[in-house]
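Now for the letters of each chain:
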Amino acid sequence: MDIDTRARRAGLPDASVGVTELYQAHAVGLIKLGVIMLGDRTAAEDVVQDAFFGLYRNWGRLSDPDNALAYARASVLNGCRAALRQRIRRDRRDRSVATDAATTESAESAVLLGEEHREVLAAVRRLPDRQREALVLRFYLGVSEEETAGAMGISRGTVKSSTSRALAALGRMLKEES
Amino acid sequence: MSTVADRTRAAMDAVTSQVDSAPPLALPPPLAWTPPGSRRRWRAPGPRRRRGPWLAPLAAAAAVIAVAISLVVVRGTPNAQPAPAVSPAGEPVSFPDYYLTFNQPVSDETVPVGLELRSTLSGKTLSTLQPPRGLSFAGITGAADDRTFVADAHRDPYGAFNSGGRSRTWYLVRVTGTGSHARLTMTKLPVPATPVGTEILAIALSPDGTKLAVGTAPWTANTTNARQALTVYSVATGVVLRTWTTPPGPANWAIMSGGEGGADPNTGVAWVGNYALAFGGGTQTGHGPAYTIRALGISGPDGDLLSTSRPTTSVPTAFGGSDRKTPFGCDPSWRANVLITGDGTSFVCGGYGTSSARLPESLCKPGVAWNTVAFAGFSLTTGKETFLSGYRTTCQGLAVVAYAVWVNATGSEVIGWMHVANSIPGRFGVFSNGSFRPLPIPVPGNWYQWDDGSLLDQVAW
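Residues numbered from 1 in each chain as written. Chains lettered and ligands numbered in written order. Predicted model: local features only at pLDDT ≥ 70, side-chain atom pairs only at ≥ 80, totals over all residues.

Notes on the overall build of chain B
Moving on, step 1. Across its full length, chain B holds two helices and 28 strands.
Moving on, step 2. Here chain B holds 461 residues, and the buried ones make up 47% of them.
Moving on, step 3. Here the contacts in chain B between residues at least 6 apart in sequence split such that 57% fall between residues at least 24 apart. (Helix = DSSP H or I, 4+ residues; strand = E, 2+ residues; numbered from the N terminus. Buried ≥ 20, exposed ≤ 12 C-beta atoms within 10 Å, placed from the backbone. Contact = placed C-beta atoms within 7 Å.)

Right under this line is the structure:
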């Protein structure tokens, strides 16, 4: 049975149609999420493409079409984590490359950003994964607590505490650096 | 003057301002679906084998007998302390031999989540347990004998990813055999399944393994006014022994909730001995959230959770100051990392501060933000600090994390995670006065780093 047949049986639109529509509606926001996480637009676009490809492959498994966006968000977050870890491993292998993945940023972004913004983003990227993700989803993308919890696989209480802890940590870091 | 929030939002706007379009999506031609792993997600065509209906009463009776036998074994060793293990260096250490964890990320929705029994000392997997067909494990909690656990499971789709609100069924998980021959067995419990639309806030098995406390709330978008309930069940019969609820209305009081790794929280409620429970909640203060631990005897009446419980002591909260006068406090991000010692006299937390007389003076440069991170024990009755151990100092003043996942009867030994900065490896192991013994980090397959509290709720000792 192919993906589309399975999707139709599950009451979902065809995979290619459903995934493409979702991509058109949400890809820009998800690429923005990736850019904040990774500091690199090309890498962010790759992560989002991979996420939607994964969604396409798993389309027939969705029990509810409303879960598709949550699935895509979770996949993008997973992809960003994997990309960051790959970067850290690469940097460890090559000691001549800066070892702090948090400060890695594309030349394009570095030129366009002012010093103030660079400082803030460097601090955001030094946050632990969970705090950074909660902050970006809740605070920047305006995703609801429940959806953030779903995308991150954590409870809503943890979303709250992670966001609050992230802001507190940012406050400490920025005060220290300014 | 702009706030941190304003500055952060402005920076994020700036770095994403150039992103106004996405490249075309390239999808491959339709693919045939392949089942993940070796376990089929859909049943193969053909008639399904069913047990005859006459087997049901027999099965139920057998289950009750199995539970009863298991509980007799647990009762025979109330609050048993596990036998000391021996480290590779030959020194005696006293911590539980085994722990239970999940065999993969609980957020994975594609395959059923099973359980693994691991050796605390070596980290090796000794036994695995697949969930009943069509179910996936979502929460675990353990008794004091290190051999009795309760796990809850929910139906397809697998994984705790967005799993709130699904009905949970309950299983007794026992360790049989010892050493490398230890094996897991599972028996369905008569504890009623939670109704669909219920969120699990906390699960806690009593030290003697005879009672299961379950904290719940309606799974609604607005949790602020959700009425929470704490129910104690008999493990052997499934009978409700006690139920308490919070008053309706805005809740500035809540059962402590963990859920850091997506699993059902096993850290939200703690037993104080076999006949009392401790839970906590908080209010906002100028320095951030403040928590109080409340005690609740199960011999008392049902009713209002607050009026039938009594406050014991406040949890000193760390608020991240960076001068030399910041008192030690428990990290407020890990509300659930307050563990009660087996003797019921103290609670233990991970936290940080700078000024406690028992914290070492920092050698950081003047004006540099810094913090010392440690584990601390406090008297449940007086709130006074009784011990402090495992401290490490960072001159960065950030990324300071400590949380405990197990504490012994007196609080003299804590198993926990400690991390002082992103560039310094974290420590997982046994912290006791002045010493640290590393242990293999439990890896339940979670994709988060451990400094995010991911071990909470995903391991049960």
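Observations concerning the overall build of chain A
Moving on, step 1. Looking only at helices and strands, one finds nine helices and zero strands in chain A.
Moving on, step 2. When the helices and strands of chain A are listed from N to C terminus, the series reads α-α-α-α-α-α-α-α-α.
Moving on, step 3. Expressed as a percentage of the 178 residues in chain A, the buried residues total 49%.
Moving on, step 4. Taking the intrachain contacts of chain A between residues at least 6 apart in sequence as the baseline, contacts between residues at least 24 apart amount to 61%.

Notes on the nonpolar core
Moving on, step 1. The biggest cluster of nonpolar side chains holds 94 residues, and the ones touching the most others in it are V150(B), A151(B), V173(B), L212(B), F347(B), A374(B) and A404(B).
Moving on, step 2. Residue contacts for A151(B): discarding those within four places in its chain leaves L115(B), F137(B), G139(B), I140(B), Y171(B) and V173(B).
Moving on, step 3. By size, the runner-up hydrophobic cluster in this structure holds 54 residues, among which are A70(A), A74(A), L127(A) and V136(A). (Core = buried A, V, L, I, M, F, W, Y, C linked by C-beta atoms within 7 Å.)

Points about helix 2 (residues 15-38) of chain A
Residue and element names in this part refer to chain A.
Moving on, step 1. The terminal C-alpha atoms of helix 2 lie 29 Å apart, and with 24 residues this falls more than 12% below the ideal 34 Å at 1.5 Å per residue.
Moving on, step 2. Along helix 2, the helix axis deviates most sharply at H26, where the bend reaches about 55 degrees.
Moving on, step 3. Looking one or two residues past helix 2, G39 carries a phi angle of roughly 70 degrees, positive in sign. (Expected span 1.5 Å × (residues − 1). Bend = angle between axes of the 7 residues up to and from the residue.)

As for the pairing of strand 12 (residues 229-234) of chain B
Residue and element names in this part refer to chain B.
Moving on, step 1. With six bridges joining them, strand 11 (residues 211-218) and strand 12 adopt antiparallel strand pairing. The residue bridging A213 from the neighbouring strand is V232, located in strand 12.
Moving on, step 2. Where strand 12 folds back on strand 13 (residues 240-245), the antiparallel hairpin that results is connected by five residues, among which G238 adopts a positive phi of roughly 80 degrees. (Pairing = 2+ DSSP bridges.)

What about the sheet that holds strand 25 (residues 413-419) of chain B?
Residues and elements named next belong to chain B.
Moving on, step 1. With antiparallel pairing, four strands are arranged side by side in an open sheet as 24-25-26-27. If you trace the sheet from one side to the other, it starts and ends with strand 24 (401-407) and strand 27 (435-438), each paired once. On average, each strand axis in the sheet is inclined to that of its neighbour by 35 degrees, with strand direction left out of account.
Moving on, step 2. Direction of pairing for strand 24 relative to strand 25: antiparallel, over a ladder of six bridges. Counted as the bridge partner of V401 is H419 from strand 25. (Axes fitted to C-alpha atoms, helices over the stretch in contact; angles between N-to-C directions.)

Description of the sheet that holds strand 5 (residues 125-129) of chain B
Strand pairing in a sheet relies on backbone hydrogen bonds, with the paired strands running either antiparallel or parallel.
Residues and elements named next belong to chain B.
Moving on, step 1. Reading across the sheet, the four strands line up as 5-4-3-28 and stay open at both edges, with antiparallel pairing between neighbours. The sheet terminates laterally at strand 5 and strand 28 (459-460), the two strands that pair on one side only.
Moving on, step 2. For strand 3 (residues 98-102) and strand 28, the ladder comprises two bridges, and the chain directions are antiparallel. The partner of L100 across the bridge, within strand 28, is A460.

What about unusual backbone geometry?
All names here are of chain B.
Moving on, step 1. Even without being glycine, D146 reaches a positive phi, approximately 70 degrees.
Moving on, step 2. Within the element layout of this structure, D146 appears in the loop between strand 6 (135-142) and strand 7 (148-155).
Moving on, step 3. Taking the number of C-beta atoms within 10 Å as the measure of exposure, D146 has 22 and is therefore buried.

What about the packing of helix 6 (residues 115-126) of chain A against helix 1 (residues 4-16) of chain B?
Moving on, step 1. Remark: helix 6 of chain A packs on helix 1 of chain B, axes separated minimally by 9 Å, with the N-to-C direction vectors making an angle of 100 degrees. The angle between helix 6 of chain A and helix 1 of chain B places the two elements in the roughly perpendicular class. Contact residues: helix 6 of chain A offers H117(A), V120(A), L121(A) and V124(A), while helix 1 of chain B offers R7(B), T8(B), A10(B), A11(B), A14(B) and V15(B).
Moving on, step 2. For the contact of helix 6 of chain A with helix 1 of chain B, a count of residues per class yields seven nonpolar, two polar and one charged. (Parallel < 35°, antiparallel > 145°, perpendicular 65-115°, else oblique. Nonpolar A, V, L, I, M, F, W, Y, C, P; charged D, E, K, R; others polar.)

A word on the environment of T158(A)
Moving on, step 1. You can see T158(A) is positioned in helix 9 (residues 156-177).
Moving on, step 2. Each C-alpha atom of the pair T158(A) and R130(A) lies 9.4 Å from the other, and the pair is 28 residues apart in sequence.

Considering the packing of helix 7 (residues 129-140) of chain A against helix 8 (residues 145-152) of chain A
All names here are of chain A.
Moving on, step 1. Their axes nearest at 10 Å, the elements helix 7 and helix 8 cross at an angle of 140 degrees. At the point where helix 7 passes helix 8, the crossing takes the right-handed sense. Each of R130, E133, A134, L137 and R138 in helix 7 lies in contact with helix 8, whose residues at this interface are E145, T148, A151 and M152.
Moving on, step 2. Residue composition of the contact of helix 7 with helix 8, grouped by class: four nonpolar, one polar and four charged. (Left-handed = near helix turned anticlockwise from the far one by under 90°.)

Things to note about the environment of G377(B)
Residue and element names in this part refer to chain B.
Moving on, step 1. Mapped onto the elements of the fold, G377 is located in strand 22 (residues 371-379).
Moving on, step 2. When the C-alpha positions of G377 and T341 are compared, they lie 9.0 Å apart, and in sequence the two are 36 residues distant.
Moving on, step 3. Beyond its immediate stretch of four places on either side in the chain, G377 contacts S346, V348, T386, F387 and G411.

Some thoughts on the confidence of the model for chain B
Moving on, step 1. Per-residue pLDDT for chain B has a mean of 74; in total, 65% of the residues score no lower than 70.
Moving on, step 2. The complex prediction reports pTM at 0.64, with the ipTM value standing at 0.80. (pLDDT = per-residue confidence, 0-100.)

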